[in-house]
Structures are given as C-alpha cells and as structure tokens.
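Take a look at the letters that make up each chain.
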Amino acid sequence: MSSNPRDDSLAEKRWLTALAKGDSSAMGGLYQLYGEKIFRYTYRMLGNRTDAEDATAETFLRVLRRSADLRADGAFKTWLFRIARNLCIDKMRQHKLLELPTEAHYSGTEERAALRVTVQQALNDLPMDYREPLILCDLEDISAKEAADTLGISVPALKSRLYRGRRALREKLGGSLEKLK
Amino acid sequence: MNDLYHKLVDLYAGHELPEDLVALLEQAAQTDPSLAMDMSQARTLVDLLHTMPAPGFSEADHLRILFKMHTAASDLPENPFSPEQSETQPGTQYQLPMFG
C-alpha cells in the first residue's frame with residue numbers, strides 16, 4: 001500500500017476492473033491494498049488474532065465470490081469494511097465474549113501505557129453502537145462519511161454516536177484521564 | 001452544562017471546530033474551571049484514542065491469512081491465492097520461509 005491515497009485509489013480502480021473482467025489474480029492486489037487495514041479493524045472488533053485472521057480471509061473470499069458484480073465506483077472500501085463488520089458481528093454472536101487483546105504492545109511512559117490498557121478495556125465494555133464509531137473514526141482514522149456508510153447510518157447519526165461514545169468512555173475512565181495531565 | 005455545550009466541547013476535542021470558535025471556547029474556559037477541565041479531558045481522550053497502537057500485522061499473520069484464503073478457495077477453477085498466482089503478481093508476497 002502506498003502512502004498516497006490517490007495512488008491507492010488508482011490501484012484500487014485498476015484491480016477492480018481487472019477482477020470484474022475475470023482476472024482473479026487481481027485479488028492479490030486488492031489484498032495488498034486493504035489486507036492490513038481489514039486485519040487491524042477486525043482485530044480491534046474481535047480482540048483476538050486468530051478470529052481477526054479468519055475474518056480477514058473470509059472478507060476477501062466474499063469479494064472474490066462476488067467479483068462479477070464489482071464496480072470501480074469508489075465505494076469498494078466501504079463495502080469491504082461492511083463485509084468485515086458483518087463477519088465480526090457473526091463471530092461475536094458465536095463467542096458472546098470479547099477478549100482483551102493480549103499481544104498489544106503499549107509503549108510510552110508507564111502511566112500512558114497503563115492508561116491505554118484501561119482505555120482498551122473500557123472500550124470493549126461499551127455498547128456496540130458506541131464502540132464501532134470510535135474504532136472506525138478515532139482508532140482507524142476512517143472519514144466520517146466512510147464510517148457512516150460502513151455502518152449504514154447517516155453522517156449526523158454517526159457523529160451523534162461518536163459523541164455519546166466518547167462521553168460514555170470518559171465516564172467509564174473516571175479520573176484516569178486526570179492523571180495524564 | 002447542557003447537551004449543546006457538551007457537543008461543542010466534543011467538536012473541540014476532535015479538532016473539528018473552526019479557529020474562531022476554538023479561541024472563544026478557550027477564552028471562556030479561562031474563567032470557567034469546570035469547562036476547562038471538560039475540554040482538557042475530552043481532548044486528552046481523543047488524542048489518546050488516535051495514538052492507540054495499531055495491532056501488529058506480521059509476516060506470519062499475512063502468511064496465515066493467505067493460507068486460509070488459499071485453502072478456502074481451493075474449489076475455484078483459478079485460485080488467486082495459490083503460490084503460483086502470486087509469483088506472477090508483483091504486489092503479492094506468498095513465499096513460505098525456508099528452514100534448514
């Protein structure tokens with residue numbers, strides 16, 4: 001993946017056009033563009049590496065199975081995240097439980113590192129309606145429009161959930177944030 | 001503090017307020033300690049969330065995902081995740097590490 005969004009967008013268009021024409025080898029290019037992003041998103045949603053790997057693999061397989069319907073109209077990324085999200089929700093229904101990522105490395109000062117663990121725990125405890133916008137917008141830096149499309153809601157509704165999610169998170173964290181100052 | 005006030009603070013925290021409103025809010029905070037604390041905590045949280053470390057994506061993760069896709073796509077006439085395919089695909093790396 002390049003650091004230039006325009007290059008990524010051109011590459012995405014090229015791979016999608018090739019895939020829609022039946023060139024299944026273009027799938028590798030799409031995976032190269034979005035594989036890590038989808039893995040990171042599914043890992044944050046599911047909280048463990050194995051499930052995130054399964055969900056990432058299944059996301060791209062679903063794309064492959066529907067490759068004849070693909071259009072290079074700029075909505076592919078959102079569609080990809082929506083597939084990944086649905087797979088995560090299915091997996092969460094199966095497990096009913098969320099594990100805290102145990103392999104994450106929290107670096108920095110000791111206080112900040114400890115706070116990050118606390119934040120991660122508090123985030124996992126939030127209702128899904130609040131957690132998802134926080135993961136997409138604040139942790140993964142996805143635009144409000146793309147996040148709203150992924151969740152199938154309007155941008156104002158997304159902003160409202162984001163706002164309520166941040167407030168809920170602050171309430172859960174209590175005075176922990178004060179210690180950082 | 002009313003809901004609108006809270007939303008304004010949230011926009012401030014997310015660096016989404018125009019500069020003139022930021023200046024106004026910061027000015028108001030100088031005489032309102034509870035507003036100052038609210039703004040500071042909200043921004044600290046958003047900044048912290050933006051700098052939360054991303055889950056590591058290692059070569060081993062990459063290979064395991066490719067292996068899962070390759071296995072699951074084995075019924076397809078042209079498996080795009082096979083090692084042969086990725087050799088012709090410059091953007092894709094799929095070479096198992098050699099040991100011994």
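You'll find the structure just up there.
Notes on the structure follow. Residue numbers here run from 1 along each chain, matching the order of that chain's written sequence. Ligands are numbered from 1 and chains lettered from A, in the order in which they are written. Since the coordinates come from a predicted model, pLDDT governs what is reported: local features require at least 70, and pairs of side-chain atoms require 80 or more to be given and counted, while whole-chain, interface and lining totals use all residues. In computing side-chain properties, one takes all heavy atoms of the structure into account and sets aside hydrogens as well as water.

Side note on the overall build of chain B
Phase 1 of the analysis: Within chain B, the regular secondary structure consists of five helices and zero strands.
Phase 2 of the analysis: Here a strand is any run of E in DSSP of at least two residues, a helix any run of H or I of at least four, and the numbering for each starts at the N terminus. Reading the helices (α) and strands (β) of chain B from amino to carboxyl end gives α-α-α-α-α.
Phase 3 of the analysis: Within chain B, buried positions represent 38% of all 100 residues.
Phase 4 of the analysis: Contacts spanning at least 24 positions in sequence make up 47% of the contacts within chain B whose residues lie at least 6 apart.
Phase 5 of the analysis: What sets the accessible areas is the Shrake-Rupley method with a 1.4 Å probe; for residues, cover comes only from the shown protein chains. By element, 60% of the accessible surface of chain B is carried by carbon and sulfur atoms, the whole surface being about 5,800 Å². Buried residues are those whose accessible area, probed at 1.4 Å on protein chains only, stays under 20% of the maximum for their type, while exposed residues exceed 50% and partly exposed ones sit between those limits. Contacts were defined at the residue level, with two residues in contact if any of their heavy atoms lie within 4.5 Å.

Focus: the environment of Arg-43 of chain B
All names here are of chain B.
Phase 1 of the analysis: Among the structural elements, Arg-43 can be located in helix α3 (residues 33-50).
Phase 2 of the analysis: In the structure, Arg-43 is positioned 31 residues away from Tyr-12 in sequence and 7.3 Å away in space, judged by C-alpha atoms.
Phase 3 of the analysis: Setting aside chain neighbours within four positions, we find Arg-43 in contact with Tyr-12, Ala-13 and His-15.

Here we look at unusual backbone geometry
One can expect most non-glycine residues to show negative phi and most peptide bonds to be in trans.
Phase 1 of the analysis: Positioned with a positive phi, Asp-141 of chain A is a non-glycine residue whose angle comes to about 55 degrees.
Phase 2 of the analysis: Here Asp-141 of chain A is to be found in the loop between α6 (128-139) and α7 (144-151).

Section: helix α5 (residues 110-125) of chain A
Phase 1 of the analysis: With 16 residues, α5 of chain A extends 23 Å from end C-alpha to end C-alpha; this agrees with the ideal 22 Å at 1.5 Å per step.
Phase 2 of the analysis: Buried within α5 of chain A we find Ala-113, Leu-115, Arg-116, Val-119, Gln-120, Ala-122, Leu-123 and Asn-124 of chain A.
Phase 3 of the analysis: Buried residues along α5 of chain A sit against α6 and α8 (155-173) of chain A together with α3 of chain B. Expected span of a helix: the number of residues minus one, times 1.5 Å.

Considerations on the packing of aromatic side chains
Phase 1 of the analysis: For this analysis, a ring pair means two rings from Phe, Tyr or Trp (six-membered ring only for Trp) whose centres lie within 6.5 Å, classed as stacked if their planes differ by under 30 degrees, edge-to-face if by over 60, and tilted for the remaining angles. Counted by the stated rule, this structure contains six aromatic pairs over all chains.
Phase 2 of the analysis: For the ring pair Tyr-31 of chain A and Phe-60 of chain A, a centre distance of 5.3 Å and an interplane angle of 80 degrees mean the geometry is edge-to-face. With Tyr-31 of chain A in helix α2 (residues 26-46) and Phe-60 of chain A in helix α3 (residues 49-65), this residue pair connects regions lying 29 residues apart in the sequence.
Phase 3 of the analysis: Aromatic side chains Phe-39 of chain A and Phe-57 of chain B sit 5.0 Å apart centroid to centroid with 45 degrees between the ring planes, which places their arrangement in the tilted category. Of the two residues, Phe-39 of chain A sits in helix α2 while Phe-57 of chain B sits in the loop between α3 and α4 (59-72), which places them in two different chains.
Phase 4 of the analysis: In this structure an aromatic cluster arises from ring pairing among Tyr-34, Phe-76 and Trp-79 of chain A.
Phase 5 of the analysis: Lying across the ring of Trp-15 of chain A, Arg-14 of chain A places its NZ or CZ 5.1 Å from the centre.
Phase 6 of the analysis: A ring is considered to have a charge above it if a Lys NZ or an Arg CZ atom is located within 6 Å of its centre and within 35 degrees of its normal. The residue whose ring lies beneath Arg-43 of chain B is Tyr-12 of chain B, and the NZ or CZ to ring-centre distance is 3.9 Å.

A few points about the interface of chain B and chain A
How large an interface is tends to be reported as the accessible area lost when its parts come together.
Phase 1 of the analysis: With 42 residues of chain B at the contact, the number on the chain A side is 48 residues.
Phase 2 of the analysis: Summed over both partners, the accessible surface that disappears when two parts come together, traced with a 1.4 Å probe, is what is meant by buried area. Overall, the association of chain B and chain A removes approximately 4,200 Å² of surface from exposure, summing both partners, and the carbon and sulfur fraction of that is 60%.
Phase 3 of the analysis: Three residues stand out in chain B for area buried against chain A, namely Leu-49, Met-52 and Pro-55 of chain B, and they jointly supply 15% of the buried area on that side.
Phase 4 of the analysis: Between Lys or Arg on one side and Asp or Glu on the other, a salt bridge is scored when a side-chain nitrogen of the former is within 4 Å of a carboxyl oxygen of the latter. Viewed at the interface, chain A and chain B are joined by eight salt bridges.
Phase 5 of the analysis: One salt bridge connects Asp-54 of chain A with Lys-68 of chain B, and the closest N-O pair in it is separated by 2.4 Å.
Phase 6 of the analysis: Side-chain atoms alone can form a polar contact between residues adjacent in sequence; in general such a contact is a pair of N or O atoms within 3.5 Å, and within protein one must be able to donate a hydrogen while the other accepts it. Put simply, chain B and chain A have 13 residue pairs in polar contact (both at pLDDT 80 or more) between them.
Phase 7 of the analysis: For the side of chain B that touches chain A, the secondary-structure elements that each account for two or more residues are α1 (3-13), α3 and α4 of chain B.
Phase 8 of the analysis: Ranked by residues supplied to the side of chain B that touches chain A, first place goes to α3 of chain B with eleven residues.
Phase 9 of the analysis: Residues belonging to the side of chain B that touches chain A are distributed by class as follows: 19 nonpolar, 14 polar and nine charged. Each residue gets one of three labels, nonpolar for Ala, Val, Leu, Ile, Met, Phe, Trp, Tyr, Cys and Pro, charged for Asp, Glu, Lys and Arg, and polar for the others, Gly among them.

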